[in-house]
Amino acid sequence: MEDERLPQPDSDGIDLVAVLHALGDPVRMRLLASYADGAEHSCDPRHLGLDHLHKSTVSHHMRVLREAGVTSTRVAGRNRFVSLRRADLDARFPGLLDALLASLAPAEPPAAAEPRTP
């Protein structure tokens, strides 16, 4: 049995408005951060740090990301594996993913001021 992909837009069909809409949700931004490592991820909410959400809710968020062209889902039997379409998104919208992912990084604390000498 050959692996297959769930329906997703072609790389030329990825629309900026759809991508921004898909990423306009905190849960989907968390998924983006998880997928940014370049690996394939199972759909198990526990492995994604989303075990507080119902499985159907997580599936909905994954579908929104896939239909917008942000992710790709590979089907292998009863299993599904999700990966970020980094190359396609970088080609269509250079710098977008880097900016979004940088916004998720914890801010560095400000440097302590040097004590003044009288």
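Being a predicted model, the structure only gives us computed values, none of them experimental. (Residues numbered from 1 in each chain as written. Predicted model: local features only at pLDDT ≥ 70, side-chain atom pairs only at ≥ 80, totals over all residues. Heavy atoms only, no water.)

Asker: Run through the sheet that holds strand 3 (residues 71-76), naming residues and quoting values.
Answerer: Strand pairing in a sheet takes place through backbone hydrogen bonds and is either antiparallel or parallel in direction. The sheet built from four strands is open, its strands ordered 1-3-4-2 with antiparallel pairing. The sheet is open, and its two borders are formed by strand 1 (4-5) and strand 2 (41-42), each paired with just one other strand. Here strand 3 runs beside strand 4 (residues 79-84); their pairing, made up of six bridges, is antiparallel. Residue pairing across strands places R74 opposite F81, the latter belonging to strand 4. (Pairing = 2+ DSSP bridges. Helix = DSSP H or I, 4+ residues; strand = E, 2+ residues; numbered from the N terminus.)

Asker: Account for helix 2 (residues 26-35), naming residues and giving values.
Answerer: Most of helix 2 is tucked away, with seven of its ten residues classed as buried. Within the span of helix 2, buried status applies to V27, R28, M29, L31, L32, S34 and Y35. Residues of helix 2 that are buried make contact with helix 1 (16-22), strand 2, helix 3 (55-68), strand 3, strand 4 and helix 5 (96-104). Between the side-chain oxygen at the start of helix 2 and the backbone nitrogen of V27 there is a gap of 2.8 Å, and the oxygen is on D25. (Buried < 20%, exposed > 50% of the residue type's maximum accessible area, 1.4 Å probe, protein only. Contact = heavy atoms within 4.5 Å. Polar contact = N/O pair within 3.5 Å; in protein donor to acceptor, adjacent residues only side chain to side chain.)

Asker: Outline helix 3, supporting the account with residue identities and numerical values.
Answerer: Its 14 residues give helix 3 an end-to-end C-alpha distance of 20 Å, which sits within 8% of 20 Å, the value for a rise of 1.5 Å per residue. Listing the buried residues of helix 3 in full gives V58, H61, M62, V64, L65, R66 and A68. (Expected span 1.5 Å × (residues − 1).)

Asker: Now, about the nonpolar core: what can you tell me, with residues and values included?
Answerer: V19, L23, L32, Y35, V70 and L89 are the most contacted members of the largest nonpolar core, which totals 25 residues. Beyond its immediate sequence surroundings of up to four residues, L23 is in contact with R28, M29, L32, L65, V70 and L100. (Core = buried A, V, L, I, M, F, W, Y, C linked by side-chain atoms within 4.5 Å.)

Asker: Go over the layout of surface pockets with me, naming the residues and quoting the values.
Answerer: Taken as a whole, the largest pocket encloses approximately 160 Å³ of empty space. Forming the walls of the largest pocket are L6, C43, P45, K55, V58, S59, M62, R63, R66, T73, R80 and V82. Of all the secondary-structure elements, those providing two or more residues to the lining of the largest pocket are helix 3 and strand 4. Here the lining of the largest pocket takes six residues from helix 3, the largest share from any one element. Partitioning the lining of the largest pocket into residue classes produces six nonpolar, two polar and four charged. (1 Å grid on protein atoms, 1.4 Å probe; cavity = no way out; pocket = protein on both sides within 12 Å on 5 of 7 lines; lining within 4 Å. Points joined across faces, edges and corners; volume = space filled by probe spheres on them. Nonpolar A, V, L, I, M, F, W, Y, C, P; charged D, E, K, R; others polar.)

That's the geometry; what it means functionally is another story.
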